[in-house]
Amino acid sequence: MRVVDSRRKEYARELKHMNKAVLGYMGKILDIDLASQRASVHDLDPDLPTRFLGGRGFGAKILHDNLAPRTDPLSPGNLFILATGPLTGTSAPGSKLEVISKSPLTGGYGDSAIGGHIGPEIKYAGYDVIVLRGRCEKPTYLWIDNERVEFRDAADLWGKGCMETEQRLKSAFNKEVQVLCIGPAGEKLVKIACITHASGRQAGRCGMGAVMGSKNLKAIVVRGDQGIRLADAKAFQTRVMQVHQKVLSSAAAMDMHKYGTAASFISHNMVGCLPTRNYQTGYFEEAERLSGQTLERTIFVRHGACFGCSLGCAKWTAAEGVCIDGPEYETIAMLGSNCGISRLEAVVKANYLCDDLGIDTISAGNIMAFATECYERGIIGDKETNGIALRFGNEEAFYKLIHMIAYREGLGGTLAEGVREAARRLGKGSDKFAMHSKGLEQSAYETRAAIGQTLAYSINDRGADHNRTWSFKFFLDDPRSPEGKAAKVKRNQCERSSPDIMGMCRFVSYHLSFDDYGDLITAATGSKWTGDDILKVAERVFCMTRIFNTKEGYTRTNDHVPPRDFEDPVPNGPAKGAVVKREDYRRMLDEFYALSGWDEDGIPTEAKLKEMGLEDVALGFRPFRKGVQQ
Amino acid sequence: MTKMVSVDVEKCDGCRLCELTCSVEKLAEFNPKLARIQVRFEPEGKCTPVVCTQCAEAWCVEACPSGAIARNSQSRIVRINVDECVLCGECVPACPYGAIHWPREDEPPVKCDECGGEPACVPACPVDALDYATLATEG
């Protein structure tokens, strides 16, 4: 075909004149000031891909460089950053978009990843990163069509659920568009509000939906038809097909395809780390009824996949009159066993409510279980709950409570502030039952069963979340001993957080090697990348976010775990009697700091920053260091 | 022997690897909007890859006023000759399957040409929703 030939020639011609340093990227940052409704486009500084690779790396650096410490996360001054990586939008498996901002939930560095098709679309529109600043005067949605950026009135979408919002926006355009939006919870600045895309894909953690709401931004609609050009597209495609074959020939990956992420539900229960009734124990006697295998047998409708993914972990299900993309492992554990619910159908309904109203299912399940334990222990009563019998297993009570949180009604208003703040407001010793670290609600792993994960939750930059460090497989090797856990956390932290930086999904990464990723990025960018280079960037990004948090006033005391981990031995199940010893935890933390090149306060040392190539960051960092004159 | 790209909509999970593979094969870039195969999404996770089957009664050929769309009598493949195309767009609604795709109005529409007998999208599909096989009716 001649059209192909002419395009290829044009491509080769352009390639010669392209900035070699940003090959594989779109090379542009879209900077939008919501207050003045102005958009400008900047070239991507070649330093960003060289030192930070992409995704969360880009976001963390841009946030650090442009946000004054102590900025109120819900003020117009906060930045809201959407960042893609070098592999986003290519045929590499599982494209993701990273949402980065200062978290209104934790008050520190925050981010959340989202799959579906939105990350690739932003790249096709011509941008690696979109930075939003300021606040719209009134409810607005953004329409980004390649180089065109429009601010549109969202008055008639305000107050609408995510499902209706997305549907209406999709049908408002006569082209295929991708939508990111918030629900009523984000509008009402609920601190656990998420951002939704494709009805079942969420940037759930850290209250990113509240940041969007604080900016009066109901939605971002994107469309683009600009191609992603790689240094060596042919080599990339050949290599990527081997990568997909690797995924398809992995039995574990195909299990996840068949049953969803809850394929491992029973095994978590078997080792006693399935959060049950607000993490009182790690064993749920009815886990069988909530497993991925049960899901596949009972409520399964069809498979789904994010962009370019050969694993396809998404499961569409139908129950209780709704059809949703989900529930996945975290949601089933948090809205299921952790709330004492054993009926998958009820989890589907609660999942739908959270998705539509726009709240994170992990934080919602954690907070509702916290409130339930407070109710069962008499810390709160019928007066606070408006007469709802908030008991574990009471499905109707949880449906009502989800509404109350999303609309900030009654007790919901307190819970909408996140579990840390809710415990502070409720008082009466309720903080003992607040399962969080740095203010982020703990995700679906009970950690006394494998204390390596206790350390992992506590040192995580954004709080108690499994997406930086998680691997029960290796924490299960001598699981109650602190021996060698710091080194494992250190290694896993870099491995597990790398996909966020490349713009990819970590579920696929389990079945690949870092050399696979190194080869793909080399073919994409034309610069030599090895697996170790990628891991080094991951460590650099961790240092970066650590510094961000230090500038916000974080010290060693912010690396903490819930009191329950130290005080309550697990009452039953496979980990019966397990409890974390304070001295063991302190030892793991000390070892981890030493391995990371952080001082005893958890602050990266000057030498470490130099080793990481973060001299520029160290420069502005000096005044915050102890013993250094200002 | 006549072959065609066939689609099993029950298997498609919407990953769009077919679109990606098509665009990199045809254009040496990742640009699904310009791919010759398009996955259409509906609510509740339903998705359908749409691609030309080079059907015997090609309505696009009939609809084209400039004679730009023609079938190669040997290969049976229907192609759009970009030099003769007048950008009228008549072929797009003429196809009852929506298999002619017109992503950019200042460029000719695009359609599948089976990559000359080895459609790149077929082996790229991870769930075997695409097949390139001999038509059953012809044995």
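These numbers come from a predicted model, not from an experiment.

### Examining the packing of helix α3 (residues 55–66) of chain A against helix α21 (residues 485–502) of chain A
Pairs of packed helices are described in terms of their axes, by the angle between the two and the distance that separates them. Residue and element names in this part refer to chain A. Viewed as axis vectors pointing N to C, α3 and α21 meet at an angle of 80 degrees, and their least axial separation amounts to 4 Å. Regarding the angle of α3 to α21, the classification is roughly perpendicular. In contact with G55, R56 and G57 of α3, α21 contributes S497, D500 and I501. Across the contact of α3 with α21, the residue classes tally to one nonpolar, three polar and two charged.

### Brief notes about the pattern of salt bridges
Residue and element names in this part refer to chain A. All told, the structure shown has 63 salt bridges over all chains when counted by the stated rule. Note that R448 and E446 form a salt bridge whose closest N and O atoms lie 3.0 Å from each other. A relative accessible area of 0% means that R448 is categorised as buried. On the basis of relative accessible area, E446 is assigned to the buried category, the value being 0%. Taken together, the shared-partner salt bridges connect R56, D111, R205, D360, D461, R462, D465, R468, D500 and R506 into one network.

### Section: the packing of helix α19 (residues 452–459) of chain A against helix α26 (residues 582–596) of chain A
Residues and elements named next belong to chain A. Direction vectors running N to C along α19 and α26 enclose 55 degrees, while the axes themselves pass 10 Å from each other. Regarding the angle of α19 to α26, the classification is oblique. Crossing of α19 against α26: the hand is right-handed. In this structure, α19 uses T454, L455, S458 and I459 to contact α26, whose residues at the interface are Y585, M588, L589, F592 and Y593.

### Focus on helix α24 (residues 531–551) of chain A
Residues and elements named next belong to chain A. With 21 residues, α24 ought to run about 30 Å at 1.5 Å a step, and its terminal C-alpha atoms sit 31 Å apart, in line with that. Judged by how many residues are buried, α24 sits mostly within the fold: 18 of 21 residues are covered. Taken from the residues just after α24, G553 is the one with a positive phi, measuring 100 degrees.

What counts, and where the lines are drawn
- Residues numbered from 1 in each chain as written.
- Chains lettered and ligands numbered in written order.
- Predicted model: local features only at pLDDT ≥ 70, side-chain atom pairs only at ≥ 80, totals over all residues.
- Heavy atoms only, no water.
- Axes fitted to C-alpha atoms, helices over the stretch in contact; angles between N-to-C directions.
- Helix = DSSP H or I, 4+ residues; strand = E, 2+ residues; numbered from the N terminus.
- Parallel < 35°, antiparallel > 145°, perpendicular 65-115°, else oblique.
- Contact = heavy atoms within 4.5 Å.
- Nonpolar A, V, L, I, M, F, W, Y, C, P; charged D, E, K, R; others polar.
- Salt bridge = Lys/Arg side-chain N within 4 Å of Asp/Glu carboxyl O.
- Buried < 20%, exposed > 50% of the residue type's maximum accessible area, 1.4 Å probe, protein only.
- Left-handed = near helix turned anticlockwise from the far one by under 90°.
- Expected span 1.5 Å × (residues − 1).

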